[in-house]
Amino acid sequence: MAAAKQWWVYVLECGDRSLYTGITNDLEQRLERHQQGKGAAYTRSHLPVRLIYREKARGKGAALSREAAIKKLSRSEKLALVSARGPASRGRGSRARAGRPCRAASRSARGT
């Protein structure tokens, strides 16, 4: 029986300073896909992007719920979350070229 993959919620800061929130069960691979330009239109059109936050989730359902909760936050609340969690929860300054756009028109996609 294969071990369950770890799910992550992450936030990227785009080149225009908008914020993008997503989930993945393979953070390294997802960031690599961002860097290869194999993501969706939103982040491709807002380059460069930088990982500024990551958070482990208990499973896919928990990751989806947390992603939705983060997307409801204002821009300033999201940035406060990033600052409050400290370096252990932040990314390593990775630059990526593309990514998955937020579901629906969230504040993240509008840069708030």
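Just so it is clear, the model here is predicted, and its values are computed rather than measured.

Q: Looking at this model, I keep getting lost on the pattern of salt bridges. Mind explaining?
A: Close approach of charged atoms allows side chains with opposite charge to pair. The full count for this structure, using the stated rule, is 5 salt bridges. With its nearest N and O atoms 4.0 Å apart, the salt bridge here joins Glu13 to Arg75. A residue pair is termed long-range when its members are at least 10 positions apart, and Glu13 in strand 1 (residues 7–14) and Arg75 in helix 4 (residues 75–85) qualify at 62 residues. Here the two residues Glu13 and Arg75 agree in accessibility, since each one is buried. One salt bridge in this structure joins Glu55 and Arg66, with 2.9 Å as the shortest N-O distance. Residue Glu55 is located in strand 3 (residues 49–57), and its partner Arg66 is located in helix 3 (residues 60–72); the two are separated by 11 residues in the primary sequence. What makes Glu55 buried here is its relative accessible area of 11%.

Cut-offs and rules
Residues numbered from 1 in each chain as written. Predicted model: local features only at pLDDT ≥ 70, side-chain atom pairs only at ≥ 80, totals over all residues. Heavy atoms only, no water. Salt bridge = Lys/Arg side-chain N within 4 Å of Asp/Glu carboxyl O. Helix = DSSP H or I, 4+ residues; strand = E, 2+ residues; numbered from the N terminus. Buried < 20%, exposed > 50% of the residue type's maximum accessible area, 1.4 Å probe, protein only.

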